[in-house]
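Now for the letters of each chain:
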Amino acid sequence: MRRVTPMRSYRIPPLTALVALVAAAVLAITVTEVATASAAPAASARAPITCPSGGPYSVRSYGATGNGSTNDTGAINRAIDAASAAGGGVVQFPAGTYRSANSIHMKSNITIQLDSGSTILGSPNDDYDPPEPNPNDEYQDYGHSHFHNAMIWGDRLSNLCFAGSGTIDGGGHLITGNPDSGEADKIISLTRCEGLNVNGITLRRGGHFAMLTNACNNISSDRLRVDTASDRDGWNVINAQNVTITNADIEADDDALAFKSDWALGRTYDNGHATVTDSRLSAGCCNALMFGSETCGDFTDYRFERITINGSNKSGLGMVSMDGTTISDVHYKDITMTNVRGAIMQKVGTRRRCGDGPGVGRIQNITYENVTSSGQSSNNFTATLWGESGANNRIRDVTFTNVDLTVPGGNGCMGTGVPSNDPNNYNPVSIGTRPAYGWYIHNAHDIRFVDSSVQFASNDCRPAVIANTGSGVSFERFTAERGSNSPFDMGFQSITGYCVADSSNTGGGTLRTSTAGGSTQECTPAPGNRFEAENATISQGVVESNHAGFTGAGFVNYTNVAGSYVEFTVNAAQAGTMPLTFRFANGTTVNRPMDITVNGVLASDELAFPGTGSWPNWTTTSITVPLNAGANTIRATATTANGGPNLDHLALPG
């Protein structure tokens, strides 16, 4: 049955003489022209996309009426065919309403130019293309698995553009669940495409998806508006590399903007090199800015900056690794959230719903800077980092700088034990009520809070923070509001090496900490001042990760011979003497001294690396040495037949 959607009022872009005069000028837009000057560039270079400019091929010239009632699909497809036969060009929609009762078939080298006042409108006739068979549809939801049942679809295409200021509107006729044959559940559906530009248009009432792109690379979008709050998802960017999105305004009911990697095309894809800037997002029922839940291929190199989120009933900033993926090098900056149920969530799960028998994934090297959240629902989710129990499946290297959360509070006292968890469910509700009102951190390493705070609107008896199982959790200049009956402010349960420095409650008092099975340490340097041993030059040693608590991706286990060494290249901002801090573990009772040379000169003869009690028990030792401005070579060489300790990293101050 088709879901009947009640009619809503919408804001139609104003038609002005100026827009009409410059409409033709946008036909040759390139990616570099689309990206705003303020947009942060992606880390990898990409070839510019030049929108096809031949023609134009007006759909009216091929029989379209634009009267809102006649089925104009045949004329639209004839115009696309004509432009394609000529090697590509602009398929133009002058002002008018073009009812499309059948699927529009995209082809390579086509610009769909929607002039101001033009609308492509969906139809209730149920005559869209049927869903194509897919032997992989068991691995993801039906809507992710079929692509032809859409208003507009294309496969294995290149150089595609949607430009102008017009609208594509499902009209309330697209399906939000599993459609029957002839019913469409998405507006734009593109697979295995190379080069896509979406500029200025509006997508409205999209069914399951306003736009679904899978295995499309080199995507650019500027000033895209999506209003599908009465339906479901805004834009799912799946299996994609090289994506630039600027000035988007996406209002959805389900996920607004989601980056995913599924098995719909029968293989894994690498994902990454993406930026989203200067955009506005909202999600009525679900997640505003999301990684997952489909997470088969790895994700790396994402930048999200200057984003406003207003409304999300799950996570404002959500990130899950459910199907074996590694999510790394993701950075959020200047994010403002209001009315979100859960501000920040990271979770590693064990669903493993991909066709290549994946293991369990991990999340690492994530930063949040200048992030605020306020006005949350009273039934909110505590900000959560939840890793899995395996040493390689935890969350690690996450830094929060100037992250300030105001939560509803209002909860009574409760136990501080680990809450329940469904490892196959990615939603925030899959984890039981967190025993902390501000942050709950579980199975995580090297989590750092700097100049951040958490407070509540109503008194809450729970502690502000609980960290359970992990290592290297630090809070520097952290402020937390204290509930009147709270047993303590911050709890560290089986955390090896936590620190709280220069921190206080909102009244200026010292934060009360509770420790169960953990240990304190000096606050560790930020990742930028830390040099991982596994990335250094290694002579007679191996990189391992079998002992928990390391930073980065592992540590170096020295071969048990004199002369084995690890050599770092360390960059100093300026010349001068400064401390070098070595983080290490020595599970024996025997000292394993090492010579430390700096730029070829012996700086310390047999620096002591004594036993630490066990191999997962990490500690530090420091020496002060002269460094040059710029690159310096630091070598740590074992001086006895026992070799060196397990060496985790070398750090400079800061």
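One can find the structure itself at the top, above this paragraph.
For the structure given in this document, a descriptive report is provided here. The structure displayed is predicted, hence computed values, not measured ones.

Here's the deal with the overall build of the chain
Link 1 in the chain: Across its full length, the chain carries 4 helices and 46 strands.
Link 2 in the chain: For the chain, whose C-alpha radius of gyration is 28 Å, the value lies close to the compact-globule estimate of 26 Å for 654 residues.
Link 3 in the chain: For the chain, the residues scored as buried account for 59% of the 654 residues in total.
Link 4 in the chain: For the chain, the share of sequence-separated contacts (at least 6 apart) that also reach a separation of at least 24 residues comes to 76%.
Link 5 in the chain: Here the chain has roughly 22300 Å² of accessible surface; of this, 47% comes from carbon and sulfur atoms.

Things to note about the nonpolar core
Soluble, globular proteins show a tendency: their nonpolar side chains are buried together.
Link 1 in the chain: Grouped together as the largest cluster of nonpolar side chains are 105 residues, with contacts concentrated most on F162, I168, F259 and Y332.
Link 2 in the chain: At 9 residues, the largest contribution of residues to this core is made by strand β24 (residues 326–348).
Link 3 in the chain: When sequence neighbours within four positions are dropped, the list of residues in contact with I168 reads L114, I120, M151, I152, F162, I187, I188, I201, T202, L203 and R204.
Link 4 in the chain: Ranked by size, the runner-up nonpolar core spans 27 residues in total, among them Y558, V570, V625 and I634.

Structural notes on the pattern of salt bridges
Link 1 in the chain: Within this structure, the stated rule accounts for 26 salt bridges.
Link 2 in the chain: For D169, the salt bridge is made with R205, and the minimal N-O distance between the two is 2.7 Å. Of this pair, D169 sits in strand β10 (residues 167–169) while R205 sits in the loop between β13 (202–204) and β14 (209–214); the two residues are 36 residues apart in sequence, bridging distant segments of the chain.
Link 3 in the chain: One salt bridge connects E294 with K260, and the closest N-O pair in it is separated by 3.5 Å. Remark: K260 occurs in strand β20 (residues 257–261) and E294 occurs in strand β22 (residues 289–295); sequence separation between them is 34 residues. One exposure class covers both E294 and K260, and it is buried.
Link 4 in the chain: When salt bridges that share partners are traced, they join R225, D227, D249 and R280 into one network.

Digging into the state of the cysteines
Link 1 in the chain: Enumeration according to the criterion identifies 5 disulfides in this entry.
Link 2 in the chain: Bridging C193 to C216, the disulfide has an S-S length of 2.0 Å. Disulfide C193-C216: torsion about the S-S bond near 125°, hence right-handed. Of the two residues, C193 is situated in the loop between β11 (186–191) and β12 (194–199) and C216 in the loop between β14 and β15 (217–222); the sequence distance between them amounts to 23 residues.
Link 3 in the chain: Sulfur-sulfur distance for the disulfide between C413 and C461 comes to 1.7 Å. One disulfide, between C413 and C461, carries an S-S torsion of 55° and so falls in the right-handed class. Taken together, the residues span a long stretch of sequence, with C413 in the loop between β27 (395–409) and β28 (439–450) and C461 in the loop between β29 (453–458) and β30 (465–476) at a distance of 48 residues.
Link 4 in the chain: We classify C461 as buried; its relative accessible area is 5%.

Points about empty space enclosed by the protein
By rolling a water-sized probe across the atoms, one finds the places where empty space is left.
Link 1 in the chain: The final tally for this structure, using the stated rule, is 2 cavities of 30 Å³ or more.
Link 2 in the chain: In this structure, the second largest cavity occupies an estimated 30 Å³ of space.
Link 3 in the chain: For the lining of the second largest cavity, the residue count by class is 6 nonpolar, 4 polar and no charged.

Regarding the environment of E138
Link 1 in the chain: Along the chain, E138 turns up in the loop between β7 (118–121) and α4 (142–145).
Link 2 in the chain: Accessibility expressed as a relative area gives 57% for E138, which makes it exposed.
Link 3 in the chain: Sequence spacing of E138 and A562 is 424 residues, and the spatial spacing of their C-alpha atoms is 56 Å.

A word on the side chain of S604
Link 1 in the chain: Within the element layout of this structure, S604 appears in strand β43 (residues 601–607).
Link 2 in the chain: Given the relative accessible area of 13%, S604 is considered buried.
Link 3 in the chain: Not counting chain neighbours up to four residues away, the residues in contact with S604 comprise M594, D595, I596 and I623.

A few points about the packing of aromatic side chains
Here a ring pair, both rings aromatic, is described through the centre-centre distance and the interplanar angle of the planes.
Link 1 in the chain: Overall, the coordinates contain 27 aromatic pairs when judged by the stated rule.
Link 2 in the chain: Residues F291 and Y302 carry aromatic rings whose centres are separated by 4.9 Å and whose planes lie at 85° to one another, so their mutual orientation is edge-to-face. In this pair, F291 sits in strand β22 while Y302 sits in strand β23 (residues 299–321), placing the two residues 11 residues apart along the sequence. For the pair F291 and Y302, a shared accessibility class is recorded, and that class is buried.
Link 3 in the chain: Just above the ring of Y269 sits the side chain of R267; from NZ or CZ to the centre is 3.9 Å.

Quick notes on the pairing of strand β46 (residues 646–651)
Link 1 in the chain: Most of β46 sits inside the fold, with 6 of its 6 residues counted as buried.
Link 2 in the chain: Sheet topology note: the strand β36 (residues 530–532)/β46 ladder contains 3 bridges and is antiparallel. Directly across from E532, in β46, lies its bridge partner H649.
Link 3 in the chain: Relative to β46, strand β41 (residues 576–585) runs antiparallel, the two being bridged by 5 bridges. Its bridge partner being in β46, R583 is matched across the sheet by H649.

Some thoughts on unusual backbone geometry
Trans peptide bonds make up the majority, and among non-glycine residues the majority have a negative phi.
Link 1 in the chain: Omega for the peptide link from G55 to P56 comes to 10°, which places this bond in the cis form.
Link 2 in the chain: Mapped onto the elements, P56 comes out in the loop between α2 (31–34) and β1 (57–58).
Link 3 in the chain: Geometrically, the link from G292 to S293 is a cis peptide bond, its omega value of 15° lying close to zero.
Link 4 in the chain: Turning to its location among the elements, S293 is positioned in strand β22.

Description of the sheet that holds strand β45 (residues 630–638)
Link 1 in the chain: Taken in spatial order, the 5 strands of this open sheet run β37-β40-β45-β42-β43, and their pairing is antiparallel. Edge strands, defined here as strands with exactly one partner in the open sheet, are β37 (537–539) and β43. Here the strands of the sheet are splayed against their neighbours by 20° on average, with no regard to which way each runs.
Link 2 in the chain: For β37 and strand β40 (residues 565–572), the ladder comprises 3 bridges, and the chain directions are antiparallel. Following the sheet pairing, T537 is matched in β40 by E567.

Here's the deal with helix α3 (residues 73–85)
Every α-helix winds through 3.6 residues per turn, so residues three or four apart in the chain are directed the same way.
Link 1 in the chain: Relative to the 18 Å expected for 13 residues at 1.5 Å per residue, α3 spans 18 Å between its end C-alpha atoms, a close match to the ideal helical length.
Link 2 in the chain: When α3 is considered as a whole, its buried residues turn out to be T73, A75, I76, N77, A79, I80 and A83.
Link 3 in the chain: Where α3 is buried, its residues meet β1, β2 (67–71), β3 (89–93), β4 (96–99), β5 (104–105) and β6 (110–114).
Link 4 in the chain: Positioned one or two residues after α3, G87 has a phi angle of 95°, which is positive.

Looking at the environment of A562
Link 1 in the chain: The topology assignment puts A562 in the loop between β39 (555–558) and β40.
Link 2 in the chain: Owing to a relative accessible area of 48%, A562 belongs among the partly exposed residues under this scheme.
Link 3 in the chain: The sequence separation of A562 and S321 amounts to 241 residues, and the corresponding C-alpha distance is 42 Å.

Calculation rules
- Residues numbered from 1 in each chain as written.
- Predicted model: local features only at pLDDT ≥ 70, side-chain atom pairs only at ≥ 80, totals over all residues.
- Heavy atoms only, no water.
- Helix = DSSP H or I, 4+ residues; strand = E, 2+ residues; numbered from the N terminus.
- Rg over C-alpha atoms; globule rule 2.2 N^0.38 Å.
- Buried < 20%, exposed > 50% of the residue type's maximum accessible area, 1.4 Å probe, protein only.
- Contact = heavy atoms within 4.5 Å.
- Areas by Shrake-Rupley, 256 points an atom, 1.4 Å probe, with all protein chains shown as cover.
- Core = buried A, V, L, I, M, F, W, Y, C linked by side-chain atoms within 4.5 Å.
- Salt bridge = Lys/Arg side-chain N within 4 Å of Asp/Glu carboxyl O.
- Disulfide = S-S within 2.5 Å.
- 1 Å grid on protein atoms, 1.4 Å probe; cavity = no way out; pocket = protein on both sides within 12 Å on 5 of 7 lines; lining within 4 Å.
- Points joined across faces, edges and corners; volume = space filled by probe spheres on them.
- Nonpolar A, V, L, I, M, F, W, Y, C, P; charged D, E, K, R; others polar.
- Phe/Tyr/Trp six-rings, centres within 6.5 Å; stacked < 30°, edge-to-face > 60°.
- Lys NZ or Arg CZ within 6 Å of the ring centre and 35° of its normal.
- Pairing = 2+ DSSP bridges.
- Axes fitted to C-alpha atoms, helices over the stretch in contact; angles between N-to-C directions.
- Expected span 1.5 Å × (residues − 1).

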